[in-house]
Amino acid sequence: MIDELLANPVTLLCVVISLAVVVAGLVFAVTSPRMLLLVIKNLRRNLGRTTITCLATMVLVAMVTMIWTVIYTLDMVTTEKSKDFKLVVTERWQIPSQMPPTHADYLNPESPKFLPELKGMIGPNDFMTWSFYGGTLDPTKFTRENLLFMFVMNPKHIRSMMDDLDTLDPALVKKLGDTRTGVLLGPERLAMINKKVGERIKVTSLNYKGINLELEIVGELPAGRYDQSAIMSDAYFNDELDKYARTTGQKHPLDNKRLNLIWLRVRDRETFSKVGEIVENSPYFADRPVKVETASSGIGTWLAPYADILWRVRWIVVPAIIVSMTLVVANAISISVRERMTEMAVLKVLGYRPGTILKLVLGESMLVGGLAGLGSAVLTYALVNFAMGGIKFPIAFFPAFFVPAWGIAWGFALGAGTSAVGSFLPAWSARSVKVSEVFSKVT
Amino acid sequence: MTGQPIVRVRGIHKYFTRGEEKIDVLKNLSLEVPEGEFLGLMGPSGSGKTTLLNLIAGLDRPSAGEVWIRDQLISKMSEADLASWRTRNIGFIFQFYHLLPVLTAYENVELPLLLLPLSSAERQKQVLTALDLVSLTNRMHHRPGQLSGGQQQRVGIARAVVTDPTLIVADEPTGDLDAHSAEEILNLLCELQKSLRKTILLVTHDPRAAERAQRIVHLDKGRLVEGDTSTAIRPAPVGAAAGMQETGIKQQGT
Ligand SMILES: Nc1ncnc2c1ncn2[C@@H]1O[C@H](COP(=O)(O)OP(=O)(O)OP(=O)(O)O)[C@@H](O)[C@H]1O
Ligand SMILES: [Mg+2]
């Protein structure tokens, strides 16, 4: 979690701003509780305006938080790590990648055909293969509810290689391994097909024509990232392809293209270059050449078609929202300051220093902005992650995006930061008010 | 009764610029106010009374000349230093009261004390003493909107005296009040001067208010026209709070 923070300068900045604002706020509240009371009473005075500013801030913070969740997640997966990172081996010249199953044998440390040059670099827990199987539960109705998209893989590799599944119950993994036709489903997917653990489902394939499966739901994947996913054992899948060859007398058209991705894990970049060189130059893969990339650059390649729009969202849409937030705050605060210029002058007469008046106005605006930002971020976090099941924004193979816990710092920093910037000019004019001028108009 | 001058204004000039135009408001003006004096300042509208009061109260700085309060040359102090100086040394009473509408009477009186290093118990004691002085303890949780003009001005007076300032300045404090309320306010000011020996500067158009002062100076077109000095100190008006000396307003000092 801390690594994630350090790898992401924007989030780090937000956390620093949040901490600074909280500390400053606490110091203010503890040293001058009565002035805080004045700030709060001033906010209550025009409840309508305060509420509107608050709501506007909340809506905009929610928007930015959701948009930034997508950008942040994509950033995180495409950020190159320097240690213990994953590699993807895919077909070199073709998208989607479709490789013969024998390719996996040369890279599987537990296979007798494992390339000896790779010994010591790839361990038994550093390997995984994926095939993608898509099907429908009702061949007459191709509705979204009926579609089932599965990762086909060796259950043994789930805990060691799948992101965020390292804490999956080992009993569940064992059950999937022991039940040849077993499948694990995400909770949302289960609800969508209206089935429970223990029930069976029939799947008619969409990509592997003729390979239809009868699966037994043996368990549930954790909520969150895998809400919509399904994982089945590769043993059953391979058996069915073999059975197809036996019964029809010829191999399935995809028989020799059944492997979509091979994942490896290496300890550092040096090992990555060695593995890459060995695999890419190995004669064993000559018939269907492969390329070896880091997972992050692999994902980066898949995201390439979206690069343009992501760039625009990051550098135009998000800044535009932030600027409008700042203007909303600046407008509200400057109206309220203008209305109260005489009061500011009275405070000055009583001996309030210009700096104190600046603090009072900034405090007023930042209290609203910070709390609205925080509230909005917490709400967005809860709604998106627990009620909506993530932001459904299908890009590459991400089914949904989840607001990270750090996202709460984005909201707080954004709310407090925009209100500080937006109220700075009005606060400065309050600070600089000339007492003699204000009262020469009155008397 | 009168001792060392507490206010010494020496040869001040004050001009404002309005666009290209330069307006001379005060011209080579000198004035001394002895400690404990109740001084009335009169003059036609636009003669510079408020401007002079602002200079003495440290709300503005003269274009030339010096303003001394006790042994402090306030005309040379920075704006921030002046602000802190005002908290302890100046009690300002406005024509239009200028209480903060969101705060109760109690909280309004407390405002200047928030700037001083006081415990909350000391603060409370001083606020209650000041409110008691203006006989408004029973209304202390009311907001200005719930008080009459006269009552609001009494809160204004409590706010002005709560820090036990060196000097109380009042700019037409009765200008917006009916005769009865004005009378009350003037009585209060007299009490402050008599019982607490406060130095008071009162700007007024109202001859009846000016009557209460020990000395009256007239301003005309930025120059002092001293005259009509009623030297006799009048007997304390009826209703002077007996024992106000024991009210416990602490001397803050400077
Ligand atoms: N801040 C300022 N900028 C420009 N001109 C000013 C300013 N303050 C006062 N003046 C001008 O200085 C002159 C004196 O003003 P001042 O307020 O001191 O008069 P006054 O004697 O208090 O009048 P009144 O009895 O109406 O309150 C006026 O002409 C006024 O317009
Ligand atoms: Mg005036």
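Not measured: the values here are computed from a predicted model.

## A look at the domain arrangement of chain A
A common way to state how big an interface is: give the accessible area lost once the parts meet. All names here are of chain A. Each assigned domain of chain A is listed here: domain 1 (2–78 + 306–440) and domain 2 (84–302). Here domain 1 and domain 2 have C-alpha centroids that lie 45 Å from each other. Contacts between domain 1 and domain 2 engage 10 residues on the former and 9 residues on the latter. With both chains or domains summed, domain 1 and domain 2 bury close to 860 Å², and 72% of this area falls on carbon and sulfur atoms.

## Quick look at the interface of chain B and chain A
Counting residues at the interface gives 31 residues for chain B, matched by 23 residues for chain A. Contact with chain A buries surface across chain B, with Leu100, Val102 and Leu115 of chain B losing the most and accounting together for 20% of the total. At the junction of chain B and chain A, the tally comes to 4 salt bridges. For the salt bridge of Glu79 of chain B with Lys348 of chain A, the shortest nitrogen-to-oxygen distance reads 3.0 Å. Linking chain B with chain A are 9 residue pairs in polar contact (both at pLDDT 80 or more), by the criterion used here. Elements that contribute at least two residues to the side of chain B that touches chain A include exactly helix H1 (49–56), helix H2 (79–89) and helix H3 (105–110) of chain B.

## Description of a nonpolar patch on the surface
Residue and element names in this part refer to chain A. Judged by side-chain polarity, Trp311, Trp315, Ile316 and Val317 come together as a nonpolar surface patch covering roughly 440 Å² of accessible area. One can find Ile316 in helix H12 (residues 307–339). With relative accessibility at 45%, the residue Ile316 sits in the partly exposed group.

## Observations regarding the site of ligand 1
Taken together, 16 residues lie around ligand 1, and Ser45, Gly46, Lys49, Thr50 and Thr51 of chain B are the ones closest in. Around ligand 1, the nearby residues trace back to chains A and B. With respect to ligand 1, the backbone of Gly46 of chain B contributes an N or O atom lying 2.9 Å from an oxygen atom. Burial of ligand 1 by the protein amounts to 82% of the accessible area it has alone, namely 630 Å². Because more than half of its atoms lie within 2 Å of the grid, ligand 1 is assigned to the second largest pocket. Among the secondary structure elements, those contributing two or more residues to the shell around ligand 1 are helix H16 (435–442) of chain A together with strand S1 (5–18) and H1 of chain B.

## Concerning the side chain of Ser296 of chain A
Take Ser296 of chain A: it is sitting in helix H11 (residues 295–303). With sequence-adjacent residues up to four places away left out, Ser296 of chain A is seen in contact with Val77, Thr78, Thr79 and Glu80 of chain A.

Criteria and cut-off values
Residues numbered from 1 in each chain as written. Chains lettered and ligands numbered in written order. Predicted model: local features only at pLDDT ≥ 70, side-chain atom pairs only at ≥ 80, totals over all residues. Heavy atoms only, no water. Domains from an automatic or database assignment. Contact = heavy atoms within 4.5 Å. Buried area = accessible area lost by both parts, 1.4 Å probe. Salt bridge = Lys/Arg side-chain N within 4 Å of Asp/Glu carboxyl O. Polar contact = N/O pair within 3.5 Å; in protein donor to acceptor, adjacent residues only side chain to side chain. Helix = DSSP H or I, 4+ residues; strand = E, 2+ residues; numbered from the N terminus. Patch = residues over 30% accessible without salt bridge, like charges linked within 9 Å, V, L, I, M, F, W, Y side chains within 5 Å. Areas by Shrake-Rupley, 256 points an atom, 1.4 Å probe, with all protein chains shown as cover. Buried < 20%, exposed > 50% of the residue type's maximum accessible area, 1.4 Å probe, protein only. Near = heavy atom within 4 Å. 1 Å grid on protein atoms, 1.4 Å probe; cavity = no way out; pocket = protein on both sides within 12 Å on 5 of 7 lines; lining within 4 Å. Sits in = over half its atoms within 2 Å of the grid points.

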